[in-house]
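Read off the chains here:
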Amino acid sequence: MKSMKFSISLLITLMIVLAGCSSKLETGSINIENWKSDRYGCKGLRMQDLDELQRIKNSFLGADNQALIKTFGRPDRVELVDKSQSFFFYFLEPSENCDGVESEKEPLRVLFRMNAISKVSEVTITTLNP
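Notes on the structure in this doc start here. (Residues numbered from 1 in each chain as written. Predicted model: local features only at pLDDT ≥ 70, side-chain atom pairs only at ≥ 80, totals over all residues. Heavy atoms only, no water.)

## Here we look at the overall build of the protein chain
No. 1: In terms of regular secondary structure, the protein chain is built from four helices and four strands.
No. 2: Overall, the protein chain shows an N-to-C arrangement of helices and strands of α-α-α-α-β-β-β-β.
No. 3: Every one of the 130 residues in the protein chain was classed for burial, and the buried ones make up 35%.
No. 4: For the protein chain, the computed accessible surface area is about 8200 Å², with 56% contributed by carbon and sulfur atoms. (Helix = DSSP H or I, 4+ residues; strand = E, 2+ residues; numbered from the N terminus. Buried < 20%, exposed > 50% of the residue type's maximum accessible area, 1.4 Å probe, protein only. Areas by Shrake-Rupley, 256 points an atom, 1.4 Å probe, with all protein chains shown as cover.)

## Looking at the packing of aromatic side chains
The geometry of an aromatic ring pair comes down to the distance between the two centres and the angle between the two planes.
No. 1: Counted under the stated rule, the structure contains eight aromatic pairs.
No. 2: Centre to centre, the rings of F89 and F91 are 6.3 Å apart; their planes meet at 40°, and the pair counts as tilted. Note on accessibility: F89 and F91 belong to one class, buried.
No. 3: What links up through ring pairs into an aromatic cluster is the set W35, F60, F72, Y90 and F112.
No. 4: The cationic tip of R46 hangs over the ring face of W35; the distance from NZ or CZ to the ring centre is 4.8 Å. (Phe/Tyr/Trp six-rings, centres within 6.5 Å; stacked < 30°, edge-to-face > 60°. Lys NZ or Arg CZ within 6 Å of the ring centre and 35° of its normal.)

## Considering the pattern of salt bridges
No. 1: Overall, the coordinates contain eight salt bridges when judged by the stated rule.
No. 2: Among the salt bridges present, the one from R39 reaches D76, with a minimum N-O distance of 3.2 Å. Placement of the pair is R39 in the loop between α2 (32-37) and α3 (50-56) and D76 in the loop between α4 (65-72) and β1 (77-82), with a sequence separation of 37 residues.
No. 3: When its relative accessible area of 21% is taken as the criterion, R39 is described as partly exposed.
No. 4: Among the salt bridges present, the one from E79 reaches R77, with a minimum N-O distance of 3.8 Å.
No. 5: Residue E79 is classed as partly exposed on the basis of its relative accessible area, which comes to 28%.
No. 6: One network of salt bridges, in which partners are shared, links R39, R46 and D76. (Salt bridge = Lys/Arg side-chain N within 4 Å of Asp/Glu carboxyl O.)

## Quick notes on the sheet that holds strand β4 (residues 120-126)
No. 1: Pairing in this open sheet of four strands is antiparallel, and the strands run β1-β2-β3-β4 from one edge to the other. With one partner strand each, in any of the chains shown, β1 and β4 form the two edges of the open sheet. If you compare each strand with its neighbour and ignore which way they point, the axes differ by 20° on average.
No. 2: Where strand β2 (residues 85-91) lies against strand β3 (residues 109-114), six bridges are found, and the strand directions are antiparallel. Paired with Y90 across the bridge in β3 is V110. (Pairing = 2+ DSSP bridges. Axes fitted to C-alpha atoms, helices over the stretch in contact; angles between N-to-C directions.)

## A word on the state of the cysteines
No. 1: Within this structure, the stated rule accounts for one disulfide.
No. 2: Between the sulfur atoms of C42 and its disulfide partner C98 the distance amounts to 1.9 Å. Handedness here is read from the sign of the S-S torsion; for C42 and C98, about -95°, the answer is left-handed. Placement of C42 in the loop between α2 and α3 and of C98 in the loop between β2 and β3 is noted, with a sequence separation of 56 residues between them.
No. 3: On the accessibility criterion, C42 (36% relative accessible area) is partly exposed.
No. 4: Taking relative accessible area as the criterion, C98 reaches 5% and is therefore assigned buried. (Disulfide = S-S within 2.5 Å.)

Spelled out as structure tokens, the structure:
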């Protein structure tokens, strides 16, 4: 009986560990090295992949926040709206965080809306803030 309890405990622990391991997401032809090196969209490299991003954006629905970070790098900005949702921002056009950028309009960005369990529930490419 003890070995059966141990086996069940081991199995549950293994399942929890494996569930916590997120892998990188499939990004089609997006140049991820360029993406990660273009913090705040300052270099304009992310804009080169706009068409591909629009084509595959819905494939990221249901992904967890750790998979996003492993794939796209640390978000340029994170906004916590309330306990049930947050947003990851990745700027496609240069933002106010870039040296010498003073824009009269909001830069284009991709917003990943995260639900209460840190899963992507919406992907939007916009100049609007949430």
